[in-house]
Amino acid sequence: MSLTDLIYAGSNAVAGLTEGAVKEAIEKYGEGHPVLYPDTAYCLPIIYAATGVKIKTLGDLPAAVGILKSLITNKEDLGEALNAGLATAVGAEIIEALRYLDGDPYAQDSGIGFVPDPIIRSLGVPLVTGDIPGIAVLLGEASDPKELAAIVKDYQEKGLLTFMVGNIIEQAAGAGVKMGLDYRVIPLGHEVTSVIHVVSVAIRAALIFGGIEPGKLPEFLAYTKERVPAFVNTFGPIDEVVVSVGAGAIALGFPVIADVEVPEVPGALLTQADHAKTVETSLETRGIKIKVTKIDVPVSVSSAFEGERVRKDTMFAEFGGNKTAAWELVTTGDLATIEDHKITVVGPDIDDAMFDGVDVVRLPLGVLVEVAGKEMQSDFETVLERRIHYFMNYIEGAMHVGQRNTAWIRLTKEAFEKGFRLKHIGEVLYAKMRADFDTVVDKCQVTIYTKKEDVDKIYEERVKPIYAQRDDRMSALTDESVDEFYTCLLCQSFAPSHVCIVTPERLGLCGAVSWLDAKATKQLDPTGPNQPVVKGQAVDERLGIWTSVNEAVATNSQGAVEKVTLYSILEDPMTSCGCFECICGIMPEANGVIIVNREFPDASPVGMTFGELASMTGGGVQTPGFMGHGRQLIGSKKFMSAEGGLERIVWMPKELKDDVAERLNKAVKEMTGIENFADMVCDETIAIDSEAVLAFLEEKGHPALAMDPIM
Ligand code: SF4
Ligand code: NI
Ligand code: NI
């Protein structure tokens, strides 16, 4: 059979299956029965993107099946055949959605099935920063599980996000691959149709970040091809259904690399029978370049291990976390006296004889990173210091929480057994500081202290005064006190018309870019994503309008957005790309706003979940009344100050409220004199229902109730 014949055979088979399944479902449940995926604002996302139609009930499906069948022309033409591959995608989306009719079909499966919107949003930042350099989709059953595992681990070490479908899931797990979102290896499911859940991720990226209008299929295909760096590896013999799935992938711009003979299509479909070369061939074909920093340590170091947790039962050693003192500091030293790559451990290491027979090794810890460089500025110290958290987490078998003197580190038994010792923490920090900050760090030395008297003494004498100095500097840093704001264009690789304006009191909506970060990035990468905007005279101080800001936004959004205010959510609010940590929206009856963070799964008092609220904005569009923002902004005196500011907040999920309470209380007290404002803010443990929320606000005498009408 020719390639096109194979594709059509697969597509027709899937079309038949889909039609049958839809009929059966309607007979069983009736046309009015709802059909939906969990936790998404986009219904059946692929159909929605391709046609603009939101499928809500089973009765909507026959029309979709009609469209699907019209995509299969059976013409002897590769372009037409690739469309048939898209038909297979639509069919798989319907079949999988029907599987959700009887509850979560993945409850008993090692795969996770449908990927909810909030997870996709959380991937935005690592994808734009290149922290996740690509997406690998693996499918089938491998002839040799060891070779398969080597491939997956290689992707993992390179930071890629890997999705798996089929028996390879058990094969890889059996061969010791660590799996889960925390390890960037995500098992989707065993049925071949579950591959659709990764296609759904790519399509929703276009909806969420790209702001592409549903119904414009060619624009979606262009988006996934240009902006979603995915590819497919198939393992073992492939049948016609897999071929037609592959055709769908190719239509999206994702090359398919098979390990068996296939009719090759240059750049799109090829054979690589040698598993030792699968990774290289795949990355090359998709044009993914990876920057590797060789670090001499006995475990893997990769951004893929960032989310890894170390639990009690696998823990070998622990530092900080209220059990012992622990701190970390990056400070600037003298170029003449800092000795590059000098790594010193002062005090006992984790293999010290004193720990023989001990359950868990616990030591105080002081991590002192001294850097020097001609271009180094003391303002960058905090930027580098915050990276310690990430660098330590990159270590396979290490977990890092907190910062400064709240640092908390755990190491696994596995890492210890592989030979990991404290000096290796120094090696990792050294290598990453040099690699990531090469234009400002010419020399770097790391000293690790583990004797209690050293850790305490150095903290009091050297570390604490520096923290205090920085805090003073930070609180003096206001929008008024600086001459320049910065643009951030990092998210443009996904959201082409989105521009963030980062100011001292308003960090980027992703929560990852502060004004100081932007300033340091400008120094590190002069033509990079952060460029200064010289403020000049404000047009309107209350709303936060500057001509210079409007010009920067208009130019950098290619005219898509002409003006933004920095302090209002009603008048020309700043746009969002989609990767915001929180979203706030107006709750008119409470005369205030609610805020929902990405992690909160339930509906808010305005009747919408985070995902639904988030879908109201994003993709670089302005939606008055809704605004994506970082957690940190809830504590900034500039938070929608044009509409009354922080006092307008009436509801937040409890976890978020607890997280921001201290800063929020401080800011509100300074502005209004109100004590413990966070206690007046309602949360889900008190009420979600609008009336009950209002009753609570009245009981507490919440200030928003007495303010001018918000709209
Ligand atoms: Fe994206 Fe804005 Fe964060 Fe920059 S500051 S990474 S543009 S969300
Ligand atoms: Ni880790
Ligand atoms: Ni973003």
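Residues numbered from 1 in each chain as written. Chains lettered and ligands numbered in written order. Predicted model: local features only at pLDDT ≥ 70, side-chain atom pairs only at ≥ 80, totals over all residues. Heavy atoms only, no water.

Looking at the overall build of the protein chain
When helices and strands are tallied, the protein chain shows 21 helices and 23 strands. A compact globule built from 711 residues would reach a C-alpha radius of gyration of about 27 Å, and the protein chain, at 27 Å, matches this within 12%. Within the protein chain, contacts between residues at least 6 apart in sequence are counted, and of these 73% link residues at least 24 apart. Each charge class in the protein chain was averaged separately, 64 positive and 103 negative side chains, and the resulting centres sit 4 Å apart. (Helix = DSSP H or I, 4+ residues; strand = E, 2+ residues; numbered from the N terminus. Rg over C-alpha atoms; globule rule 2.2 N^0.38 Å. Contact = heavy atoms within 4.5 Å. Lys, Arg positive; Asp, Glu negative; His and termini not counted. Charge placed at Lys NZ, Arg CZ, Asp CG, Glu CD.)

Notes on the UniProt feature "domain: Carbon monoxide dehydrogenase subunit alpha ,N-terminal" (unreviewed entry) in the protein chain
Per the UniProt record, the feature "domain: Carbon monoxide dehydrogenase subunit alpha ,N-terminal" (unreviewed entry) sits at residues 19-101. For residues 19-101, helix accounts for 60% and strand for 0%, while the C-alpha atoms at its two ends are 16 Å apart. (UniProt positions renumbered as here; feature names shortened; annotations may be inferred.)

A look at the coordination of the nickel ion (ligand 2)
Coordination sphere of the nickel ion (ligand 2), protein contribution only: E308 (OE), N393 (O), I395 (O) and A398 (O), at 2.3 to 2.5 Å. Geometry at the nickel ion (ligand 2) is irregular, judged from the four donor atoms that bind it and their angles of 86 to 147° at the metal. (Donors = N, O, S within 2.8 Å, 3.2 Å for Na, K, Ca; no water. Tetrahedral: all angles 85-135°; square planar, octahedral: opposite > 155°, others 65-115°.)

Some points on the domain arrangement of the protein chain
Assigned domains within the protein chain: domain 1 (3-286), domain 2 (303-462) and domain 3 (484-706). Distance from the C-alpha centre of domain 2 to the C-alpha centre of domain 3: 33 Å. Across the boundary between the two partners, domain 2 contributes 11 residues, which contact seven residues of domain 3. In total, about 830 Å² of surface goes out of reach between domain 2 and domain 3, with carbon and sulfur atoms giving 53% of it. Across the domain 2-domain 3 interface, the total number found is two salt bridges. Salt-bridge contacts for D379 lead to K519; the nearest nitrogen and oxygen are separated by 3.1 Å. Linking domain 2 with domain 3 are five residue pairs in polar contact (both at pLDDT 80 or more), by the criterion used here. For the side of domain 2 that touches domain 3, the element with the most residues is helix α13 (residues 381-393), which contributes three residues. Class assignment for the residues of the side of domain 2 that touches domain 3 results in four nonpolar, three polar and four charged. (Domains from an automatic or database assignment. Buried area = accessible area lost by both parts, 1.4 Å probe. Salt bridge = Lys/Arg side-chain N within 4 Å of Asp/Glu carboxyl O. Polar contact = N/O pair within 3.5 Å; in protein donor to acceptor, adjacent residues only side chain to side chain. Nonpolar A, V, L, I, M, F, W, Y, C, P; charged D, E, K, R; others polar.)

Some points on the site of ligand 1
Ligand 1 sits among C488, L490, C491, C500, G508, L509, C510, V513, C577 and C579. For the shell around ligand 1, the class distribution of residues is nine nonpolar, one polar and no charged. (Near = heavy atom within 4 Å.)

Points about the coordination of the nickel ion (ligand 3)
Only C491 (SG), C577 (SG) and C579 (SG) from the protein coordinate the nickel ion (ligand 3), and they sit 2.1 to 2.2 Å from it. When the donors of the nickel ion (ligand 3) are listed by position in the chain, the intervening gaps give C-x85-C-x1-C. Residues C577 and C579 agree in their burial class; the two are buried. (Buried < 20%, exposed > 50% of the residue type's maximum accessible area, 1.4 Å probe, protein only.)

Thoughts on the side chain of H498
Along the chain, H498 falls in the loop between β15 (484-488) and β16 (500-502). On the basis of relative accessible area, H498 is assigned to the buried category, the value being 2%. Only 2.7 Å separates the side chain of H498 from the side chain of T575, close enough to count as a polar contact.

Focus: the sheet that holds strand β12 (residues 398-401)
Here we have four strands laid out as an open sheet, ordered β10-β7-β13-β12, and mixed in their pairing. The open sheet terminates on both sides in strands that have one partner only, identified here as β10 (361-362) and β12. In this fold α13 packs onto β12 and β13 (408-412), with an angle of close to 155° to the strand it touches most, β12. (Pairing = 2+ DSSP bridges. Axes fitted to C-alpha atoms, helices over the stretch in contact; angles between N-to-C directions.)

Quick word on the packing of helix α4 (residues 78-99) against helix α11 (residues 240-251)
Between α4 and α11, the shortest axis-to-axis distance is 7 Å and the interhelical angle comes to 105°. Between α4 and α11, the angle falls in the class roughly perpendicular. Contacts between α4 and α11 pair A81, L82, G85, L86 and T88 from the former with S244, V245, A247, G248, I250 and A251 from the latter. Residue composition of the contact of α4 with α11, by class: seven nonpolar, four polar and no charged. (Parallel < 35°, antiparallel > 145°, perpendicular 65-115°, else oblique.)

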